[in-house]
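Analysis of the macromolecular model
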Amino acid sequence: MTMRAPLLIDTDPGVDDALAILMAHQHAEVKGLAIAAGNVGLRHTVNNALKLVDVMGHETPVFPGCATPLVLDAADAAFVHGADGFGDTGYSRSTRAAANEHAALAISRLSREFAGQLTVVALGPLTNLALALRLDPELPRRVARLVIMGGAVNGRGNTHLVPAEFNIGFDPEAAHVVFSNWPTFDLVDWEATMHHGLAYDDLEQWLAADDERARFYASVSRRTRSWARQHGRQRMLSADALAMAVALDPSIIVESAERHVGIELAGGLTRGATVVDWEQRMARPANARIVLGVEQGKFENLIRDALGAA
Ligand code: RIB
Ligand code: CA
């Protein structure tokens, strides 16, 4: 059973972010898109979010956030998502304007407006959420649930610093602020993403649906799908879609573990790693429900519905 509770998405669209955002608008009440830099620069991630709101025919406000990580600059992921973050298709830009409110302030405000009901889904670097926490330390008390796409709980990351996953590795200081100040959150990591890939044939069948969302997603994801095939990925990995599925319908979780997860900030080889206290030796309370497995069929149904391919 999916929910229609209020949802706030912090995101760096980004091809897999786009699928997650389509899913959220199909199955929940999205109260805003808080935009981060990450996959590509903030100008592109904001433009991509505005375009996606047009394609979906919604009026979801888009709140620009931080253009840089909190402390050190980091490399983007344009090599995966395209220079513009949406497959370099040259889509016609939206005429819609972004909101005149910073993402960090919007996160705090919406947590008050929907106190006790709001689910926050973080699909990009945690810069905006970290700033919101510093401005508003009571934020976690008002948020019903936080779901984070990030990390690699056994060190199998996807960046040049082997144990680091992109969202955490792009802004480790922000992740440290969130992981050490948010009492409990759901964590959907890169390793779970690798266990829950999508068959290319299935995805391409869904993208053939007679629906504007499917047509648009087929276009913006084309480059990333061919990049994945060329780099030997047996299935299409969509980290943000998996995290969104967990946010929309927690009943799809079939295996999880509650552990303390910390962020490495200084390691020469390990900066940005998510360090899990698997043996519970640190005597610190668990802050994360680590999602280890979901029901693949239910996950894929949420995607198909969002593309009009059900
Ligand atoms: O590591 C995968 C994550 O990094 C996804 O959120 C993707 O969009 C990128 O932001
Ligand atoms: Ca993302």
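Details of the structure are given in the entry above.
Time to look at the overall build of the protein. For the protein, the helix and strand inventory stands at 13 helices and 10 strands. Taken over C-alpha atoms, the radius of gyration comes to 18 Å for the protein, in line with the 19 Å a tight globule of 310 residues would show. If one aligns the C-alpha atoms of the protein with their principal axes, the spans along those axes are about 55 × 40 × 40 Å. For the protein, buried positions account for 61% of its 310 residues. Here the analysis covers contacts within the protein between residues at least 6 apart in sequence; of these, 81% occur between residues at least 24 apart. Roughly 12,300 Å² of accessible area belongs to the protein as shown, and the carbon and sulfur atoms make up 50% of that amount. Between the centroid of the 28 positive side chains of the protein and the centroid of its 37 negative side chains there is a distance of 1 Å.

This next bit is on the coordination of the calcium ion (ligand 2). Around the calcium ion (ligand 2), the protein contributes the donor atoms D12 (OD), D17 (OD), D17 (OD), L123 (O) and D240 (OD), at 2.2 to 2.6 Å from the metal centre. Within one chain, the residues serving as donors to the calcium ion (ligand 2) are arranged as D-x4-D-x105-L-x116-D. Of the two residues, D17 is situated in helix α1 (residues 15–27) and D240 in helix α12 (residues 239–248); the sequence distance between them amounts to 223 residues. Across the pair, D240 and D17 agree in class, each one buried.

Right, let's talk about the nonpolar core for a bit. Counting residues in hydrophobic clusters, the biggest one holds 68 residues, and the most contacted among them are M23, L33, Y217, M244, F299, I303 and L307. Looking at this core element by element, the count peaks at nine residues for α12. Apart from residues no more than four positions distant in its own chain, Y217 is found in contact with V15, D16, A18, L19, L22, L207 and L307. Core analysis: the next-biggest nonpolar cluster, separate from the first, contains 36 residues, F114, V120, A130 and V143 among them.

A few words now on the packing of aromatic side chains. Applying the stated criterion across every chain yields a total of six aromatic pairs. For the ring pair F166 and F170, a centre distance of 5.5 Å and an interplane angle of 40° mean the geometry is tilted. Residue F166 and its partner F170 are located together in helix α7 (residues 166–170), separated by four residues, close to a single helical turn. The residues F166 and F170 share a single accessibility class, namely buried. Here R229 stacks its cationic end above the ring of Y200, 4.2 Å away from the centre of that ring.

Parameters at a glance
- Within each chain, residue numbers correspond to sequence positions counted from 1 in written order.
- As they are written, the chains are lettered A onward and the ligands numbered 1 onward, keeping that order.
- Since the coordinates come from a predicted model, pLDDT governs what is reported: local features require at least 70, and pairs of side-chain atoms require 80 or more to be given and counted, while whole-chain, interface and lining totals use all residues.
- Remark: hydrogens and water are excluded; side-chain values derive from all non-hydrogen atoms of the structure.
- For helices the rule is a DSSP run of H or I covering at least 4 residues; for strands it is a run of E covering at least 2, with both sets numbered from the N terminus onward.
- With the radius of gyration taken over C-alpha atoms, the globule rule is written as 2.2 Å times the number of residues to the power 0.38.
- Residue exposure (1.4 Å probe, protein chains only): buried if accessible area is under 20% of the type maximum, exposed if over 50%, otherwise partly exposed.
- In this analysis, two residues are considered to be in contact whenever any of their non-hydrogen atoms come within 4.5 Å of each other.
- For accessible areas, the Shrake-Rupley method is used with a probe of radius 1.4 Å. Any residue's cover is judged against the shown protein chains and nothing else.
- When charges are tallied, Lys and Arg are placed among the positive residues and Asp and Glu among the negative ones, while His and the ends of the chain are skipped.
- Lysine's charge is taken at NZ, arginine's at CZ, aspartate's at CG and glutamate's at CD.
- Here the coordinating atoms are restricted to nitrogen, oxygen and sulfur within 2.8 Å of the metal centre, or 3.2 Å for Na, K and Ca, and because water is not among them the sites may look incomplete.
- What makes a nonpolar core is a set of buried Ala, Val, Leu, Ile, Met, Phe, Trp, Tyr and Cys residues whose side-chain atoms join them at distances within 4.5 Å.
- Aromatic contacts are taken between Phe, Tyr and Trp rings whose centres are within 6.5 Å, Trp giving its six-membered ring; a plane angle under 30 degrees counts as stacked, one over 60 as edge-to-face, and the others as tilted.
- Here, a charge over a ring is recorded when the distance from Lys NZ or Arg CZ to the ring centre is within 6 Å and its angle to the ring normal is within 35 degrees.

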